[in-house]
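Single-letter residue listing:
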Amino acid sequence: DIVRRVKHPKRQTRIAVVGKYIDLKDSYKSLAEALTHGGIAHEARVNVSWIDAEHVERDGSAAHLADVDGLLVPGGFGDRGIEGKIRAIRYAREQGLPFLGICLGMQCAVIEYARNVCGLADANSGEFAPSSPHRVIDLLPEQRDVTTKGGTMRLGLYPILITEGTAASRAYGQGVVLERHRHRYEVNNDYLNQLEKNGLRVSGLWAEKQLVEIVELPEHPWFVAGQFHPEFRSRPWEPHPLFAAFIGASLEHAGRRG
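A brief report on the enclosed structure follows. (Residues numbered from 1 in each chain as written. Predicted model: local features only at pLDDT ≥ 70, side-chain atom pairs only at ≥ 80, totals over all residues. Heavy atoms only, no water.)

For the rest of this paragraph, the subject is the environment of Ala88. Positionally, Ala88 belongs in helix H5 (residues 82–95). Counting along the chain gives 23 residues from Ala88 to Leu65, while the straight-line C-alpha distance between them is 7.8 Å. Apart from residues no more than four positions distant in its own chain, Ala88 is found in contact with Val18, Val56, Ser61, Leu65 and Leu71. (Helix = DSSP H or I, 4+ residues; strand = E, 2+ residues; numbered from the N terminus. Contact = heavy atoms within 4.5 Å.)

Rendered as structure tokens:
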């Protein structure tokens, strides 16, 4: 059945992946496979446009995203291409383009929202701008005196409590899930009230420390971002729920575009 779905897709959609390792395709191997798995769930072919984030910064978002049906911003480290990713996310938010953010992609979504919706013009991450007055993404207080980078890394499987009635809940179909993590920085809880008051919804939490795991926009066709790496838990016969839901939303967008 899987072979039939791959060889004879009924529909197709185009997804833009805006990242910094575009010339090193093996860096995104698991991601590309997970997108294919999401297509299998809908008997659809997923065509991927690999876009350098610095090119978005140089050319503007519309030049690269006007003809795609969904945007994915993946994980990574370092500040190269960050502004391009943030611009791409803003385009997806404002244009109703389905969006999936993974790890750093989720952090960029929070920065974008803080800047352009909450009015915190200098919002940034402590990783890229440690002197920013609004570090909406930052190390936890207990991490700040750790001098080795590996010592600040949150690695491995963590349980996530999913809020009922959200896009994440509809995708997963269950209230608690396990996801793999590999990151240092977290959403700064000092800004949660301001972010949520302005419409950003926290739909997943690591309950033990009340850390943000998933954010989404309820009024958007499909805008979901997670702090973890769902691509590592996706299989052809069992597509990850977020990838399946993302591709489903992108197919709907493709249908609206005609």
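Attention now goes to the side chain of Ser61. Mapped onto the fold, Ser61 is located in the loop between helix H3 (53–59) and helix H4 (62–65). For Ser61, the side chain forms a polar contact with the main-chain oxygen of Arg87, separated by 3.1 Å. Filtering out sequence-adjacent residues up to four positions away, Ser61 remains in contact with Val56, Arg87, Ala88 and Tyr91. (Polar contact = N/O pair within 3.5 Å; in protein donor to acceptor, adjacent residues only side chain to side chain.)

Turning our eyes to something else, we now look at the sheet that holds strand S5 (residues 123–125). The strand order S5-S6-S9 describes an open sheet built from 3 strands, whose pairing is mixed. With one partner strand each, in any of the chains shown, S5 and strand S9 (186–187) form the two edges of the open sheet. (Pairing = 2+ DSSP bridges.)

Turning our eyes to something else, we now look at the nonpolar core. One finds Val18, Leu65, Leu71, Phe99, Val110 and Val136 to be the most contacted residues of the largest nonpolar core, which totals 44 residues. Here the element with the most residues in this core is helix H6 (residues 104–116); it accounts for 8 residues. Excluding anything up to four places from it in sequence, Leu71 contacts Ala16, Val18, Leu65, Ala88, Ile89, Ala92, Leu97, Pro98, Phe99, Leu100 and Phe246. Grouped together as the second largest cluster of nonpolar side chains are 29 residues, Val17, Leu31, Trp222 and Ala249 included. (Core = buried A, V, L, I, M, F, W, Y, C linked by side-chain atoms within 4.5 Å. Buried < 20%, exposed > 50% of the residue type's maximum accessible area, 1.4 Å probe, protein only.)

Glancing now at the packing of H5 against H6. The angle between the axes and the distance between the axes are what describe a pair of packed helices. Axis separation between H5 and H6 bottoms out at 9 Å; the angle between their running directions is 70°. Considered as vectors, H5 and H6 are oriented roughly perpendicular to each other. In this structure, the crossing between H5 and H6 has a hand that is right-handed. Taking contact as the criterion, the partners of Ile82, Glu83, Lys85, Ile86, Ile89, Arg90 and Arg93 in H5 are, on H6, Leu104, Gly105, Cys108, Ala109, Ile111, Glu112, Tyr113, Arg115 and Asn116. Taken together, the residues of the contact of H5 with H6 break down into 8 nonpolar, 2 polar and 6 charged. (Axes fitted to C-alpha atoms, helices over the stretch in contact; angles between N-to-C directions. Parallel < 35°, antiparallel > 145°, perpendicular 65-115°, else oblique. Left-handed = near helix turned anticlockwise from the far one by under 90°. Nonpolar A, V, L, I, M, F, W, Y, C, P; charged D, E, K, R; others polar.)

Now for the environment of Gly39. Within the secondary structure layout, Gly39 lies in helix H2 (residues 29–40). For the pair formed by Gly39 and Ile247, sequence separation is 208 residues and the distance between their alpha carbons is 6.3 Å. In contact with Gly39, not counting residues within four places along its chain, are Ala44, Val46 and Ile247.

Turning to the packing of aromatic side chains, a few remarks are in order. Within the structure shown, the criterion is met by 4 aromatic pairs. With a centroid separation of 5.7 Å and an interplanar angle of 15°, the aromatic rings of Tyr28 and Trp50 are classed as stacked. A residue pair is termed long-range when its members are at least 10 positions apart, and Tyr28 in the loop between strand S1 (11–19) and H2 and Trp50 in strand S2 (residues 44–52) qualify at 22 residues. Residue Trp50 is classed as partly exposed on the basis of its relative accessible area, which comes to 24%. When the centroid spacing of 4.6 Å and the interplanar angle of 40° are considered together, the rings of Phe99 and Phe223 count as tilted. Separated by 124 residues along the polypeptide, Phe99 in strand S4 (residues 99–102) and Phe223 in strand S12 (residues 223–226) bring together distant segments of the chain. For the pair shown, Phe99 and Phe223 are each scored as buried. (Phe/Tyr/Trp six-rings, centres within 6.5 Å; stacked < 30°, edge-to-face > 60°.)

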